[in-house]
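One letter stands for each residue in the lines below.
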Amino acid sequence: MIAITLVYSVLTAAVAFGAGYFMRRAIAEAKIQSAEEAAKRILQEAERDAETRQRELMLEAKEEVHTLRRELERENRERRNELQQVERRLMQKEESLDRRLDNLDRREAALERNRKEVTQAQEEVDKLLAEQQEELQKISGLTAEEAKEILFAQVETAVKHETAMMIKELETQAKEEADKRSREILSLAIQRCAADHVAESTVSVVNLPNDEMKGRIIGREGRNIRTLETLTGIDLIIDDTPEAVILSGFDPVRREIARIALEKLVADGRIHPARIEEMVEKAQREVEAVIREEGEQATFAARVHGLHPELIKLLGRLRFRTSYGQNVLKHSIEVAHLAAMMAAELGADEELARRAGLLHDIGKAIDHEVEGTHVQIGVDLLKRYKESQEVVHAVECHHGDLEPETVEAVLVAAADSVSAARPGARRETLESYIKRLERLEGIADSFEGVEKAYAIQAGREIRIMVKPERIDDSEAIWTAREIVKRIENELEYPGQIKVTVIRETRAIEYAK
């Protein structure tokens, strides 16, 4: 029974295995068949897609070929057009060149004909000139060289005359322009610079509270007045002038010291030799301080910096110095301003002109103590205190002792004359003024051929009428120069004097 069961089981398993095998095989075959069919479909679809893509690519390639062909054709047309244009231009240029060559050929032929004609004409002219020269030599009896010399001499004379006239005219124009420009510059400088004028004085007056003070100033047996005069070097004049004492002396600094000392003594009331010495010392210190302050103020006013301290003190001393009634310090400041203004107008060194103008009269500070002219004293002082050579030269030339070599030196001399020539800047007594004018006219009258002489403009100009039959134009110039030399040698005067010689011819007839 068991065996049958086992056989049955085996058979069942075999049947089941066979059935399963056949079923799996059938399923596998079915799957393979379906896969093959799918593959066929895929291959068919791929073939269709490939054919479609191929057709699209072919179309795109054809379109691109057509596009490139159109572009190539367009470029070819453009190039053909450009080549045609270039060809037309070349043909035009070639035609133009041909025409020009034809014109040049014709001109060359014409020039050749003209050259031949000119050559023939020149030969004829040379022949005629030679014949004329021979005829002229026969007629005049002169050779060609002699005739040339005579002709050259005549031409030379004519040219010299015309040149002289032209030079004279140019000189006249230059002088007129220079005079006009100088007047403008001087007037501008004078208008821009105002100055005060101080009258010259060699005395000072000290007011007293009463006349009894005069006796105390004199002292017992005159000891007080002698002490004061000895210490200051100033003369005290005590006369009948009520309540006043006059201090007389030519040294303005000493006179100022004496005035201050005497005013202090009068205010203090104690007047005796010891007290006088003490007050004189105090007055000296005060005056020295004033001198230093005045010098510094002068440099500030003139805008000049970097001066040696000793030069500043000497400038301060000029505060007490006058020349023909004009305060020298104010005159120096004015000259500095005038010279600087004129230098600015002319484009010269303004600072140099200002410095030289301020220092030009520095020698007057000690000219009563040192021998020599104030110009030479000033030059020595400036050299001692290391001033520049340009400043020294300008100071040395400001009175015409030397010929100026710089524009600034000329401007300083001009500014000095302008400042001194201001109306009211300088004064002199009426008697000496009249004598100077008479002497001035007398010098002019002493010359032969002078008819009349008139001193005008306060003696700054003299006009001289000469006899035209005795003095010609050249002698008039010589007469003016000689009169100038006589005036410079024989007269003393401020500024400058203009000498004008007038020569005129008058023709007079009477109608009857």
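All figures in this text were calculated on a predicted structure; none of them were measured in a lab.

Focus: the overall build of the chain
Part 1 of the argument: Along the backbone of the chain there are 14 helices and 8 strands.
Part 2 of the argument: Taking all 512 residues of the chain together, 29% fall into the buried category.
Part 3 of the argument: Put simply, 61% of the contacts in the chain that link residues at least 6 apart link residues at least 24 apart.
Part 4 of the argument: Summed over its atoms, the accessible surface of the chain is roughly 35200 Å², and 53% of this surface lies on carbon and sulfur atoms.

Remarks on the pairing of strand E3 (residues 244-248)
Part 1 of the argument: Burial within E3 is extensive, with 4 of its 5 residues counted as buried.
Part 2 of the argument: Of the strand pairs in this sheet, strand E2 (residues 235-237) and E3 are connected by 3 bridges, and their pairing is antiparallel. Across the sheet, the residue bridging to Leu-236 is Leu-247, located in E3.
Part 3 of the argument: In this structure, the hairpin formed by E2 and E3 is closed by a connection of 6 residues, where Glu-243 is found at a positive phi of approximately 55 degrees.

Describing a negative patch on the surface
Part 1 of the argument: On the surface, a cluster of negative charge is made up of Glu-94, Glu-95, Asp-98, Asp-102, Asp-105 and Glu-108.
Part 2 of the argument: Tracing the backbone through its elements, the reader meets Asp-102 in helix H1 (residues 2-140).

Considering unusual backbone geometry
Part 1 of the argument: Positioned with a positive phi, Glu-221 is a non-glycine residue whose angle comes to about 55 degrees.
Part 2 of the argument: As for its position among the elements, Glu-221 is in the loop between helix H3 (212-218) and helix H4 (223-232).
Part 3 of the argument: For Glu-221, a relative accessible area of 71% gives the class exposed.
Part 4 of the argument: For Lys-386, which is not a glycine, the phi torsion comes out positive at approximately 60 degrees.
Part 5 of the argument: Tracing the chain through its elements places Lys-386 in the loop between helix H10 (374-384) and helix H11 (389-397).

What to know about the nonpolar core
Part 1 of the argument: Formed by 40 residues in total, the largest nonpolar core has its most connected members in Leu-307, Leu-311, Leu-314, Leu-315, Leu-358, Leu-382 and Val-391.
Part 2 of the argument: Contributing elements (two or more residues each) for this core: helix H6 (273-302), helix H7 (309-317), helix H8 (328-346), helix H9 (350-359), H10, H11 and helix H12 (407-421).
Part 3 of the argument: Considering each element in turn, this core owes the most residues, 9 residues, to H8.
Part 4 of the argument: With near-sequence residues (within four places) excluded, Leu-307 lies in contact with Thr-299, Ile-312, Leu-315, Arg-355, Leu-358, Leu-359 and Glu-387.
Part 5 of the argument: The next biggest cluster of nonpolar side chains, apart from the first, holds 26 residues, and it includes Ile-225, Leu-236, Met-279 and Val-287.

Observations concerning the side chain of Glu-408
Part 1 of the argument: Within the element layout of this structure, Glu-408 appears in helix H12.
Part 2 of the argument: Buried charge without a salt bridge: Glu-408, with Arg-354 as the nearest opposite-charge side chain at an N-O distance of 12 Å.
Part 3 of the argument: Side-chain polar atoms of Glu-408 contact the backbone nitrogen of Asp-349, separated by 2.9 Å.
Part 4 of the argument: Setting aside its immediate chain neighbours within four residues, Glu-408 contacts Ala-348, Asp-349, Leu-352 and Ala-353.

Here's the deal with a nonpolar patch on the surface
Part 1 of the argument: A surface patch of nonpolar side chains, about 380 Å² in accessible area, is lined by Leu-151, Phe-152, Val-155 and Val-159.
Part 2 of the argument: The residue Val-155 is located in helix H2 (residues 144-192) in this model.

Section: the packing of H9 against H11
Part 1 of the argument: Their axes nearest at 9 Å, the elements H9 and H11 cross at an angle of 50 degrees. When the axes of H9 and H11 are compared, the pair comes out oblique. In the crossing of H9 with H11, the sense of the turn from one axis to the other is right-handed. Contact residues: H9 offers Leu-352, Arg-355, Ala-356 and Leu-359, while H11 offers Glu-390, Val-391, Ala-394 and Val-395.

Looking at the sheet that holds strand E7 (residues 461-466)
Part 1 of the argument: Pairing within the open sheet is mixed, and its 3 strands lie in the order E6-E7-E8. The strands lining the two open edges of the sheet, one partner per strand, are strand E6 (450-456) and strand E8 (498-502). Adjacent strand axes in the sheet meet at a mean angle of 15 degrees when their direction is disregarded.
Part 2 of the argument: Across 6 bridges, E6 lies against E7 in antiparallel orientation. Opposite Val-450, over in E7, you have Val-466 as the bridge partner.
Part 3 of the argument: Against the sheet, helix H14 (residues 473-490) touches E7 and E8, its axis set at about 150 degrees to E8.

Here's the deal with the pattern of salt bridges
Part 1 of the argument: Scanning the entire structure with this criterion turns up 20 salt bridges.
Part 2 of the argument: A salt bridge links Asp-268 to Arg-275, with the nearest nitrogen and oxygen atoms 3.2 Å apart.
Part 3 of the argument: Look at Arg-275 and you get buried, because its relative accessible area is 11%.
Part 4 of the argument: Where Glu-387 meets Arg-355, a salt bridge forms, and the shortest distance between an N and an O atom there is 2.8 Å. With Glu-387 in the loop between H10 and H11 and Arg-355 in helix H9, this pair connects stretches of sequence that are 32 residues apart.
Part 5 of the argument: Judged by relative accessible area, Arg-355 falls into the buried class, the value being 19%.

Here's the deal with H9
Part 1 of the argument: The element H9 is extensively covered by neighbouring structure, given that 8 of its 10 residues are classed as buried.
Part 2 of the argument: Three or more residues of H9 are buried, namely Leu-352, Ala-353, Arg-354, Arg-355, Ala-356, Gly-357, Leu-358 and Leu-359.
Part 3 of the argument: N-capping of H9 is provided by Asp-349, with a side-chain oxygen placed 3.2 Å from the backbone N of Glu-351.

With respect to the packing of helix H5 (residues 252-268) against H6
Part 1 of the argument: Contact pair H5 / H6: the axes reach a minimum separation of 8 Å and the direction vectors enclose 130 degrees. It follows that H5 is oblique to H6 by the angle criterion. Judged by the twist between their axes, the crossing of H5 over H6 is right-handed. Facing H5, whose interface residues are Val-253, Glu-256, Ile-257, Ile-260, Ala-261, Lys-264, Leu-265 and Asp-268, H6 presents Arg-275, Ile-276, Met-279, Val-280, Ala-283, Gln-284, Glu-286, Val-287 and Ile-291.
Part 2 of the argument: Tallied by class, residues from the contact of H5 with H6 come to 11 nonpolar, 1 polar and 5 charged.

Some words on the confidence of the model for the chain
Part 1 of the argument: When pLDDT is averaged along the chain, the result is 80, and 88% of the positions lie at 70 or above.
Part 2 of the argument: Per-element averaging of pLDDT across the chain places H2 at the bottom with 69 and H11 at the top with 89.
Part 3 of the argument: Predicted confidence for residues 196-200 stays below pLDDT 50, and this span has 15 contacts to residues more than four positions away or in other chains.

Rules behind the numbers
- Residues numbered from 1 in each chain as written.
- Predicted model: local features only at pLDDT ≥ 70, side-chain atom pairs only at ≥ 80, totals over all residues.
- Heavy atoms only, no water.
- Helix = DSSP H or I, 4+ residues; strand = E, 2+ residues; numbered from the N terminus.
- Buried < 20%, exposed > 50% of the residue type's maximum accessible area, 1.4 Å probe, protein only.
- Contact = heavy atoms within 4.5 Å.
- Areas by Shrake-Rupley, 256 points an atom, 1.4 Å probe, with all protein chains shown as cover.
- Pairing = 2+ DSSP bridges.
- Patch = residues over 30% accessible without salt bridge, like charges linked within 9 Å, V, L, I, M, F, W, Y side chains within 5 Å.
- Salt bridge = Lys/Arg side-chain N within 4 Å of Asp/Glu carboxyl O.
- Lys, Arg positive; Asp, Glu negative; His and termini not counted.
- Charge placed at Lys NZ, Arg CZ, Asp CG, Glu CD.
- Core = buried A, V, L, I, M, F, W, Y, C linked by side-chain atoms within 4.5 Å.
- Polar contact = N/O pair within 3.5 Å; in protein donor to acceptor, adjacent residues only side chain to side chain.
- Axes fitted to C-alpha atoms, helices over the stretch in contact; angles between N-to-C directions.
- Parallel < 35°, antiparallel > 145°, perpendicular 65-115°, else oblique.
- Left-handed = near helix turned anticlockwise from the far one by under 90°.
- Nonpolar A, V, L, I, M, F, W, Y, C, P; charged D, E, K, R; others polar.
- pLDDT = per-residue confidence, 0-100.

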